[in-house]
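A look at the structure
As a plain string of letters, each chain reads:
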Amino acid sequence: MRTQRQVVDYALQRRALLADVHSGRVGVMEVCDAGPYLLRAAKFHGEPSDVTCPVCRKELLTRVSWIYGDELKHAAGSARAPQELARMATMFEEFSVYVVEVCRTCGWNHLVQSYVLGGRGSRDGGSRRWTAAE
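Given the structure is predicted, the values throughout are model-derived calculations rather than measurements. Per-chain numbering applies: the sequence of each chain, read as written, is numbered from 1 onward. Given that the model is predicted, a residue must reach a pLDDT of at least 70 before its local features are reported, and side-chain atom pairs must reach 80 or more before they are shown or counted; all residues, however, enter totals for whole chains, interfaces and linings. Only hydrogens and water are set aside when side-chain values are computed; all heavy atoms of the structure are taken into account.

1. Structural notes on the side chain of Glu101
As a reminder of what qualifies: The numbering of helices and of strands both runs from the N terminus, where a helix is a DSSP run of H or I of at least 4 residues and a strand a run of E of at least 2. Any N or O atom pair separated by 3.5 Å or less is treated as a polar contact, with the protein-specific requirement of one donor-capable and one acceptor-capable atom, and with residues adjacent in sequence counted only for side-chain atom pairs.
Turning to its location among the elements, Glu101 is positioned in strand β5 (residues 95-102). A polar contact is formed between the side chain of Glu101 and the side chain of Trp108, at a distance of 3.0 Å.

2. So, the packing of aromatic side chains
The condition is simple: The aromatic pairing rule takes the rings of Phe, Tyr and Trp, using the six-membered ring of Trp, and pairs them if the centres are within 6.5 Å, calling planes under 30 degrees apart stacked, those over 60 edge-to-face and the rest tilted. Using a 1.4 Å probe on the protein chains alone, a residue whose accessible area is under 20% of its type maximum counts as buried, one over 50% counts as exposed, and one in between counts as partly exposed.
Under the criterion given, the structure shown has 3 aromatic pairs. For the pair Tyr68 and Tyr98, a centre-to-centre distance of 5.8 Å together with 70° between the ring planes defines the contact as edge-to-face. Remark: Tyr98 occurs in strand β5 and Tyr68 occurs in strand β3 (residues 60-68); sequence separation between them is 30 residues. With relative accessibility at 31%, the residue Tyr98 sits in the partly exposed group. When the centroid spacing of 6.3 Å and the interplanar angle of 85° are considered together, the rings of Phe92 and Phe95 count as edge-to-face.

3. Concerning helix α3 (residues 36-45)
The test is simple: The arc under discussion is defined with respect to the helix axis, by the directions toward the C-beta atoms. In what follows, a contact means two residues having at least one pair of non-hydrogen atoms within 4.5 Å.
Every buried residue belonging to α3 is among Leu38, Ala41 and Ala42, and all of these are buried. Viewed end-on, α3 has its buried residues packed into an arc of 100°, placing them on one side of the element. Away from the buried face of α3 by more than 90 degrees, exposed residues Pro36, Tyr37, Lys43 and Phe44 are located. Looking at the packing, one finds that the buried side of α3 touches β3, β4 (78-80), β5 and β6 (109-117).

4. So, the confidence of the model for the protein
The following threshold applies: pLDDT is defined as a per-residue confidence score from the predictor, taking values between 0 and 100.
Across the protein, the average pLDDT comes to 88, with 87% of residues at or above 70. Here residues 123-128 scores under 50 on pLDDT; set against residues more than four positions off or in separate chains, the count is 7 contacts.

5. Comments concerning the pattern of salt bridges
Selection rule: Take a side-chain nitrogen of Lys or Arg and a carboxyl oxygen of Asp or Glu: if they are within 4 Å of each other, that pair is a salt bridge.
According to the stated counting rule, one finds 4 salt bridges in the structure shown. Between Glu94 and Arg5 there is a salt bridge whose closest N-O contact spans 3.5 Å. With Glu94 in the loop between α4 (82-91) and β5 and Arg5 in strand β1 (residues 5-9), this residue pair connects regions lying 89 residues apart in the sequence. For Arg14, the salt bridge goes to Glu101, with nearest N and O atoms at 2.4 Å. You can see Arg14 sitting in helix α1 (residues 11-23) and its partner Glu101 sitting in strand β5, a full 87 residues away along the chain.

Dropping the structure here:
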């Protein structure tokens, strides 16, 4: 997306955690703890990836994008599909997106990336402001 900024990648943290799991320092049940809300979001709002689950190795991971921001009002804290994110980036000044990978088989989940979206700096100051319902 062209308005994506302040990107943070959590790959090193993920790799360290998986090393702890594979060495036995961290139990599988501690990292395979996706709740029902996250699993449901993966089913309905997730984007399939081409990465196999690093724990159970049975299924491809699903990426779920969660949105947060004051301007989003009641929509804050909800999962959104990638198409919705692109549309929302043109409607709102600024909001944060947190991408979580989820295995719908074993429950592995980990924060993969976070970034900021929105039109801050790209629209006129006199533009109409949109609400989350629009």
